[in-house]
Amino acid sequence: MARKPYIGIKEIYYGEPITEEVTPSKLKTWLGTATKVTNSHDGSYSYNQDDPQTEDYINELTGKPYYKDVTSMGNKTIAFTMGEYTYEDMVALCGGEVIKDEDSTSIGWEAPTTPLLVYKAIVAKTKTGNYIVFTNAIIVGKTNMQSKNMGLGVTATAMESGVAGVSDEYRFDGDSIDLSL
């Protein structure tokens, strides 16, 4: 059991999928390479896990269940809306291209012309200092309207890592990750 509860959100990071087992020191290293989300619109952050899919086995003689089989685990998602974001954030989370002027200054974004799959690792730090890590999440990036703001909405669904020994989700007590070193 965690020493501190997992309450709220304080920080969000995204970056390349994590391909090795996550330890506190490896998470610290990964955070140094990740992009920190600098603005999450008030009230738009959420963590949800769907109920698992189950199958009931019914006793035909009594009509009552005698066994329940879990056939698949429920999806885990982290969602948030970036109220302020860059065109580079849009490319990283939605695809497409950054439009630049003759001085190579980013001046716009061009949407992708074909559907694509975007995979990122997502790390959320709670208000109590704990960490939730999705090592490989499929990202749905889209425009979300929040309080009249056209924000960059992100839904990250944890997927199998595809690497033996690497889980789809890790949680760490924040005290185990010394970011000051």
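In short, a report on the structure.

Here is what the cut-offs are and how they apply
- Residues numbered from 1 in each chain as written.
- Predicted model: local features only at pLDDT ≥ 70, side-chain atom pairs only at ≥ 80, totals over all residues.
- Heavy atoms only, no water.
- Core = buried A, V, L, I, M, F, W, Y, C linked by side-chain atoms within 4.5 Å.
- Buried < 20%, exposed > 50% of the residue type's maximum accessible area, 1.4 Å probe, protein only.
- Helix = DSSP H or I, 4+ residues; strand = E, 2+ residues; numbered from the N terminus.
- Contact = heavy atoms within 4.5 Å.
- Salt bridge = Lys/Arg side-chain N within 4 Å of Asp/Glu carboxyl O.
- Arc of directions from axis to C-beta.
- Polar contact = N/O pair within 3.5 Å; in protein donor to acceptor, adjacent residues only side chain to side chain.

### Description of the nonpolar core
Point 1. Among the nonpolar cores identified, the biggest contains 22 residues, and Tyr45, Ile78, Phe80, Ile122 and Ile139 are the most heavily contacted of them.
Point 2. Those elements that provide at least two residues to this core are strand 1 (11-15), strand 6 (76-82), helix 2 (87-94), strand 9 (118-125), strand 10 (131-146) and strand 11 (149-158).
Point 3. Residue contacts for isoleucine 122: discarding those within four places in its chain leaves Tyr13, Tyr14, Ile78, Ile132, Val133, Phe134, Ala137, Ile139 and Ala156.
Point 4. With 15 residues, the next largest nonpolar core counts Leu27, Leu31, Val123 and Ile177 among its residues.

### Let's talk about the pattern of salt bridges
Where charged atoms of side chains with opposite charge meet at close range, the side chains can pair.
Point 1. The full count for this structure, using the stated rule, is 7 salt bridges.
Point 2. Here lysine 68 makes a salt bridge to aspartate 56, at a shortest N to O gap of 2.7 Å. With lysine 68 in strand 5 (residues 65-72) and aspartate 56 in strand 4 (residues 53-58), the pair connects residues that are 12 residues apart, well separated along the chain.
Point 3. Under the relative-accessibility criterion, aspartate 56 is labelled partly exposed at 39%.
Point 4. Salt-bridge contacts for glutamate 169 lead to lysine 76; the nearest nitrogen and oxygen are separated by 3.2 Å.

### A closer look at the environment of methionine 73
Point 1. Its location among the elements puts methionine 73 in the loop between strand 5 and strand 6.
Point 2. Between the C-alpha atom of methionine 73 and that of cysteine 94, which follows or precedes it by 21 residues, the distance is 27 Å.

### Quick word on helix 2
Point 1. Looking at helix 2, one finds that the buried residues are Asp89, Met90, Leu93 and Cys94. Taken end-on, helix 2 shows its buried residues confined to a sector of 100 degrees, consistent with a single buried face.
Point 2. Here helix 2 starts with a cap whose side-chain oxygen sits 3.3 Å from the backbone nitrogen of glutamate 88, and that cap is threonine 86.

### Section: the environment of glycine 74
Point 1. Here glycine 74 shows up in the loop between strand 5 and strand 6.
Point 2. In this structure, glycine 74 is in contact with Gln49, Asp50, Asp51 and Pro52, ignoring residues within four places of it in sequence.

### A word on helix 1 (residues 24-33)
Point 1. Looking at helix 1, one finds that the buried residues are Leu27, Trp30 and Leu31. Here the buried residues of helix 1 occupy an arc of 105 degrees about the axis, which is enough to place them on one side. Looking at helix 1, the residues exposed on the side facing more than 90 degrees away from the buried face are Ser25, Thr29, Gly32 and Thr33.
Point 2. Residues of helix 1 that are buried sit in contact with strand 1, strand 9, strand 10 and strand 12 (169-172).

### A short note on unusual backbone geometry
Point 1. Its identity as a non-glycine residue notwithstanding, serine 104 has a phi of 65 degrees, on the positive side.
Point 2. Secondary-structure assignment places serine 104 in the loop between strand 7 (97-100) and strand 8 (106-110).
Point 3. For lysine 148, which is not a glycine, the phi torsion comes out positive at approximately 70 degrees.
Point 4. In this fold, lysine 148 is placed in the loop between strand 10 and strand 11.
Point 5. Overall, the relative accessible area of 80% leaves lysine 148 in the exposed class.

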